[in-house]
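Descriptive analysis of the structure
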Amino acid sequence: MRPVEISGKRLGLREVTTADVDALHAVYGDPTATEHLPFDPRTREEVEEIVTEALEAAGAVPRRLYVLAVTEIASGEVIGVARLHIEADHPHSAEIGLGLRPDHWGRGIGTDLIRLMLTFGFRHLRLHRIWGARSPANTAAQLAMLVAGMVEEGRIRHHVRARGAWRDSVVHSALEDEWEGHRED
């Protein structure tokens, strides 16, 4: 396994480690940070399990799951988590997901993170299609995806069950050939 380590202007992506559990719990366990995610806030023990599964997935051949710590370049601090899951039946395509600590919202960090994930998927993994789904109420994610060069494809009705109710998802995607003309290095 070659560990993932990618840097942008403000953010970096690297493999998660067991030392990241508390930093990741600050995202996964925060009710505000998970408000639009398809699960309830996680306990610290659940985050430990996520990290353990991520470490196991990192050694799989072929590797299909990347769970990466999002770091702020200036401080080196872990401020979020990013996931990329390559579809087994469609190995040219992957789903991305991300979460950031709320104290980093509103500064374009989400857009930077999506751009970094697209760079990783297209340049490093040689994927053709990358997609992500968001809650219809998450207009900040909508803006971040659109500004990063993703296209809104449509709505999946009653896609996930979250907080005791069915919720739709809005799907966005980027294609390698379209992204090449839109990316910012």
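You'll find the structure just up there.
Summarised in this report is the structure supplied together with it. (Residues numbered from 1 in each chain as written. Predicted model: local features only at pLDDT ≥ 70, side-chain atom pairs only at ≥ 80, totals over all residues. Heavy atoms only, no water.)

Considering the overall build of the protein
Each helix and strand counted, the protein has 5 helices and 8 strands in total. In the protein, the succession of helices and strands from N to C terminus is β-β-α-α-β-β-β-α-β-α-β-β-α. The C-alpha atoms of the protein give 15 Å as radius of gyration, which agrees with the globular expectation for 185 residues (16 Å, within 12%). By its C-alpha atoms, the protein is 40 × 40 × 35 Å across when sized along the principal axes. Residues classed as buried in the protein amount to 44% of the 185 residues present. A sequence separation of at least 24 residues applies to 59% of the contacts in the protein between residues at least 6 apart. Put simply, the protein shows about 9,600 Å² of open surface, and 51% of that area lies on carbon and sulfur atoms. Distance from the positive charge centre (22 side chains) to the negative charge centre (29 side chains) of the protein: 3 Å. (Helix = DSSP H or I, 4+ residues; strand = E, 2+ residues; numbered from the N terminus. Rg over C-alpha atoms; globule rule 2.2 N^0.38 Å. Buried < 20%, exposed > 50% of the residue type's maximum accessible area, 1.4 Å probe, protein only. Contact = heavy atoms within 4.5 Å. Areas by Shrake-Rupley, 256 points an atom, 1.4 Å probe, with all protein chains shown as cover. Lys, Arg positive; Asp, Glu negative; His and termini not counted. Charge placed at Lys NZ, Arg CZ, Asp CG, Glu CD.)

Here's the deal with the pairing of strand β7 (residues 151–162)
Direction of pairing for β7 relative to strand β8 (residues 165–175): antiparallel, over a ladder of 8 bridges. Bridge pairing in β8 links R155 to V170. The loop that links β7 with its antiparallel partner β8 comprises 2 residues; one of these, R163, has a positive phi angle of about 55 degrees. (Pairing = 2+ DSSP bridges.)

Brief notes about the sheet that holds strand β4 (residues 78–86)
Strand order across the open sheet formed by 8 strands is β1-β2-β3-β4-β5-β6-β8-β7, with mixed pairing between neighbours. Of all the strands in the sheet, the pair left with one neighbour each is β1 (5–7) and β7. This sheet shows a mean twist of 25 degrees between the axes of neighbouring strands, independent of strand direction. Relative to strand β5 (residues 93–100), β4 is paired through 7 bridges, and the arrangement is antiparallel. Residue pairing in the sheet places R83 in a bridge with G97 of β5. Running over the sheet, helix α4 (residues 139–147) touches β6 (129–134), β7 and β8 and is turned about 165 degrees from β6. (Axes fitted to C-alpha atoms, helices over the stretch in contact; angles between N-to-C directions.)

With respect to the nonpolar core
Grouped together as the largest cluster of nonpolar side chains are 30 residues, with contacts concentrated most on L13, V70, L84, L113 and L118. For this core, the secondary-structure elements that each account for two or more residues are β2 (11–15), β3 (65–72), β4, β5, α3 (109–124) and α4. In terms of residue count, the dominant contributor to this core is α3 (8 residues). Those residues in contact with V70, other than ones at most four positions away along the chain, are L11, G12, L13, E77, V78, I79, G80, V81, A82, L100 and L113. One finds A33, V47, A57 and L65 within the second-largest nonpolar core, a separate group that totals 18 residues. (Core = buried A, V, L, I, M, F, W, Y, C linked by side-chain atoms within 4.5 Å.)

Some points on the side chain of R101
Positionally, R101 belongs in the loop between β5 and α3. If near-sequence neighbours (up to four positions away) are discounted, R101 is found in contact with A26, V27, E77, V78 and I79.

Topic: a negative patch on the surface
There is a patch of like negative charges on the surface, built from E45, E46, E49, E53 and E56. By the secondary structure assignment, E46 is in helix α2 (residues 44–58). On the accessibility criterion, E46 (33% relative accessible area) is partly exposed. (Patch = residues over 30% accessible without salt bridge, like charges linked within 9 Å, V, L, I, M, F, W, Y side chains within 5 Å. Salt bridge = Lys/Arg side-chain N within 4 Å of Asp/Glu carboxyl O.)

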